[in-house]
Amino acid sequence: MRYDLNLLPIFVALIEERSVTRAAERVGMTQPALSNALGRLRLMLQDQLFVRERYGIQPTPIALQLAPVIAEALAMLDDAVLGQQDFNPATAERVLTIAPNGYVEFVLVPAIVARLQETAPGIRLQLTPYGNDLAETGVISGTTALVLGRIVDPPDNLVVQHVMDEGLACIVRAGHPDIGDSITREQFEALKHVNVVPPGRMRAGLFQALSQQQLRRDVAISVTNFFAVAEMVAVTDYCATLPKLICRRLAHDPRLKVLPAPVDLGTFPVEMAWHVRYRHDPAHRWLRTLIGEVAGKLGAAGS
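As the structure is a computational prediction, the values presented were derived from the model and not from experiment.

**Description of unusual backbone geometry**
- Even without glycine at this site, Arg18 takes up a positive phi of about 55°.
- The residue Arg18 is located in the loop between helix H1 (8-17) and helix H2 (20-27) in this model.
- Notably, Asp153 is not glycine yet its phi reads approximately 55°, a positive angle.
- Tracing the sequence through the fold places Asp153 in the loop between strand S5 (146-149) and strand S6 (158-166).

**Some thoughts on the packing of aromatic side chains**
- Evaluated as defined, the whole model comprises five aromatic pairs.
- Aromatic side chains Phe106 and Phe227 sit 4.8 Å apart centroid to centroid with 50° between the ring planes, which places their arrangement in the tilted category. Here Phe106 is found in helix H5 (residues 102-107), whereas its partner Phe227 is found in helix H10 (residues 226-234), with 121 residues between them in sequence.
- By relative accessible area, Phe227 is classed as exposed at 58%.

**Points about the pattern of salt bridges**
- Taken as a whole, this structure holds 11 salt bridges when the rule is applied.
- Ionic pairing is found between Arg26 and Glu16, a salt bridge with its closest N-O pair at 2.8 Å. Residue Arg26 is located in helix H2, and its partner Glu16 is located in helix H1; the two are separated by 10 residues in the primary sequence.
- Salt-bridge contacts for Arg255 lead to Asp253; the nearest nitrogen and oxygen are separated by 2.8 Å.
- With relative accessibility at 34%, the residue Arg255 sits in the partly exposed group.
- According to the relative accessible area criterion, Asp253 is buried, its value standing at 18%.
- What you see here is one network of salt bridges that share partners, running through Glu16, Glu17, Arg22 and Arg26.

**Focus on the side chain of Arg217**
- Tracing the backbone shows Arg217 in the loop between helix H9 (200-212) and strand S9 (218-223).
- For the buried Arg217, which has no salt bridge, the nearest side chain bearing the opposite charge is Asp218, at an N-O separation of 8.8 Å.
- Within polar-contact distance, the side chain of Arg217 engages the side chain of Asn195 at 3.2 Å.
- For Arg217, the residues in contact, after removing those within four places along its chain, are Phe188, His193, Val194, Asn195, Leu206, Phe207 and Leu210.

What counts and how
Residues numbered from 1 in each chain as written. Predicted model: local features only at pLDDT ≥ 70, side-chain atom pairs only at ≥ 80, totals over all residues. Heavy atoms only, no water. Helix = DSSP H or I, 4+ residues; strand = E, 2+ residues; numbered from the N terminus. Phe/Tyr/Trp six-rings, centres within 6.5 Å; stacked < 30°, edge-to-face > 60°. Buried < 20%, exposed > 50% of the residue type's maximum accessible area, 1.4 Å probe, protein only. Salt bridge = Lys/Arg side-chain N within 4 Å of Asp/Glu carboxyl O. Lys, Arg positive; Asp, Glu negative; His and termini not counted. Polar contact = N/O pair within 3.5 Å; in protein donor to acceptor, adjacent residues only side chain to side chain. Contact = heavy atoms within 4.5 Å.

Here it is, written out as structure tokens:
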């Protein structure tokens, strides 16, 4: 065979990482060894493939043309091999990295971990921040098993699956002097509001929903997590608009009360995405199924 198949995963790592250093770390090689492999790749494929720039490397037109073909070929090989492997969640021992956004970490991850403890005690999750850039999570390179949240403009090497839909509600403090068991549009617009800065994609969805309903919101303070919202609302006359499943958790706090939004703010999707190479990995498929089941039950309970 005129092609060294061992070089192809290195090519994919270079395409996705755009850095010799990061690609070397990903495939477990030293940087000189990977540079040597790149030389063999160039000879094998008869092209420069990558050119150095100030902040890393950039693929040539031929490398960009070859990239989806090589990635798909490797994914097909993975599918063929991994599809034959047995997976027993009750006895398997494995660490899987996932990247949930702030909402998913608050609402879904505890229920997911509880299910793992019951059915797969040897499967451990490692969480990495979601952030605003999918590349930062490691899912595009495949070092992270999957991301959970709002997936916008995914690259071609990710598979995206809809998990559930979520709505929005409001919370105020239980002893609020102006708000009873409901909140009107006029009251909503007159109040000061607490805003949650992350996760970015969900924030954009809320702003869009408010804009579509021409509902104004006077933001007094922005906080960085949902726990901080509860504490802020509990000691002020501010209001917060949050996902319904989070409001359901906060409803147990006697300092707070949950109210329907003054207008229908619609729903936003919760999705998960993973690298194509994990489409048929038995452990990954099992975890995705478990997450789908957990989300389905929570979504039905919160609707």
